[in-house]
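Chains, contacts and geometry: an overview
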Amino acid sequence: MTASTVCSHRISIITGHYGTGKTEFSVNLALALSAEGKQVMLADLDIVNPYFRSRERRNLLEEAGVRLISSAQSFSNADLPALPAELLSILETPAITGVLDIGGDPVGARVLARFRPKIIQEDYQLIFVLNANRPEVREIDGAITYLRSIEATTGLTCTGIVNNTHLCGETTGEDIRRGAALSAAVSEATGIPVLCHVAVEPLAQALGDLPEPVFPITIKMKKPWE
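A short tour of the structure in this document, coming up. Keep in mind that this is a model prediction, so the values were computed, not measured.

1. Description of the pattern of salt bridges
Within the structure shown, the criterion is met by six salt bridges. Ionic pairing is found between Glu151 and Arg148, a salt bridge with its closest N-O pair at 2.8 Å. Taken as a pair, Glu151 and Arg148 lie in helix α7 (residues 140-154) at a separation of three residues, close to a single helical turn. Residue Arg148 is classed as partly exposed on the basis of its relative accessible area, which comes to 35%.

2. Observations concerning the packing of α7 against helix α8 (residues 173-190)
Geometrically, a packed helix pair is captured by the angle between its two axes and the distance between the axes. Interhelical geometry of α7 versus α8 gives an angle of 60 degrees and a closest axis separation of 10 Å. Compared by their axis directions, α7 and α8 come out oblique. The handedness of the crossing between α7 and α8 is right-handed. For the pair α7 and α8, the contacting residues are Ile140, Ala143, Ile144, Leu147 and Arg148 in the first and Leu182, Ala185, Val186, Ala189 and Thr190 in the second. For the contact of α7 with α8, the residue count by class is eight nonpolar, one polar and one charged.

3. Thoughts on the nonpolar core
Ranked by internal contacts, the top residues of the largest apolar core, which has 33 residues, are Ile13 and Leu100. Ranked by the residues each element gives to this core, the list is headed by α7, at five residues. Contacts of Ile13, omitting those with residues within four sequence positions, involve Leu100, Ile102, Leu112, Ile119, Tyr124, Gln125, Leu126, Ile127 and Leu156.

4. Observations concerning the sheet that holds strand β7 (residues 194-200)
As summarised here, the arrangement of the eight strands in space is β3-β2-β4-β1-β5-β6-β7-β8, forming an open sheet in which the pairing is parallel. Each edge of the open sheet carries a strand with a single partner, namely β3 (67-69) and β8 (214-217). Across the sheet, the axes of successive neighbouring strands diverge by a mean angle of 25 degrees, strand direction being ignored. Pairing of strand β2 (residues 39-45) with strand β4 (residues 96-102) involves seven bridges; the strand directions are parallel. For Ala43, the partnering residue across the bridge sits in β4 and is Leu100. Packing against the sheet, helix α2 (residues 22-35) makes contact with β1 (11-16), β2, β4, β5 (124-130), β6 (158-163), β7 and β8, and its axis sits at approximately 170 degrees to β4.

5. Points about the environment of Glu122
One can find Glu122 in the loop between α6 (116-119) and β5. A C-alpha to C-alpha distance of 7.8 Å links Glu122 and Arg10, two positions 112 residues apart in sequence. A distance of 3.0 Å separates polar atoms of two side chains, one belonging to Glu122 and the other to Arg10.

Scoring rules and cut-offs
- Residues numbered from 1 in each chain as written.
- Predicted model: local features only at pLDDT ≥ 70, side-chain atom pairs only at ≥ 80, totals over all residues.
- Heavy atoms only, no water.
- Salt bridge = Lys/Arg side-chain N within 4 Å of Asp/Glu carboxyl O.
- Helix = DSSP H or I, 4+ residues; strand = E, 2+ residues; numbered from the N terminus.
- Buried < 20%, exposed > 50% of the residue type's maximum accessible area, 1.4 Å probe, protein only.
- Axes fitted to C-alpha atoms, helices over the stretch in contact; angles between N-to-C directions.
- Parallel < 35°, antiparallel > 145°, perpendicular 65-115°, else oblique.
- Left-handed = near helix turned anticlockwise from the far one by under 90°.
- Contact = heavy atoms within 4.5 Å.
- Nonpolar A, V, L, I, M, F, W, Y, C, P; charged D, E, K, R; others polar.
- Core = buried A, V, L, I, M, F, W, Y, C linked by side-chain atoms within 4.5 Å.
- Pairing = 2+ DSSP bridges.
- Polar contact = N/O pair within 3.5 Å; in protein donor to acceptor, adjacent residues only side chain to side chain.

Below you can see the structure in the form of structure tokens.
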């Protein structure tokens, strides 16, 4: 599948519980969109998680033509509830395709709420990244509660679910299929469609029978100890 199939709106806001792999997905999505010839800006708005931040791959992104915006470089290791002024460039420039990687819980999502009046005037999608291996969202009720809490915090409506079930390097096709089943159940209960299933390229080739498309990725984010 193409990145444009997943990112059918001008602005994609990526959210999900801590540990779902939303930053990995955001980085891969931005790179794929740029490879398709789009003018892409990736906003690192995660003020909650000190690891796996997209700004740690600034060089990789910028070499691929993706403009990365985040908090000031001098505060690259700090958790500051401040947003870069350049975020307005995404919201106010129709030629830009924006990917917004926001914090992995309702507290982190709150930083986006102040921009709600502008966001709702734009062509946006709020994507909920789901990892069935995370204890807090591995059951349907917990996943829906978490999804709704992010909607309530941001004042935005979730428009799509992405199954990114993984166990880092130990991920199997069975893990992804289990996540697909959970995503389908959440989708049926909420009416929010499943956009795709995420898998590293070797696994992606064996998942073509899933009802939704598979978005292949390569791992870009290093673990903190690597």
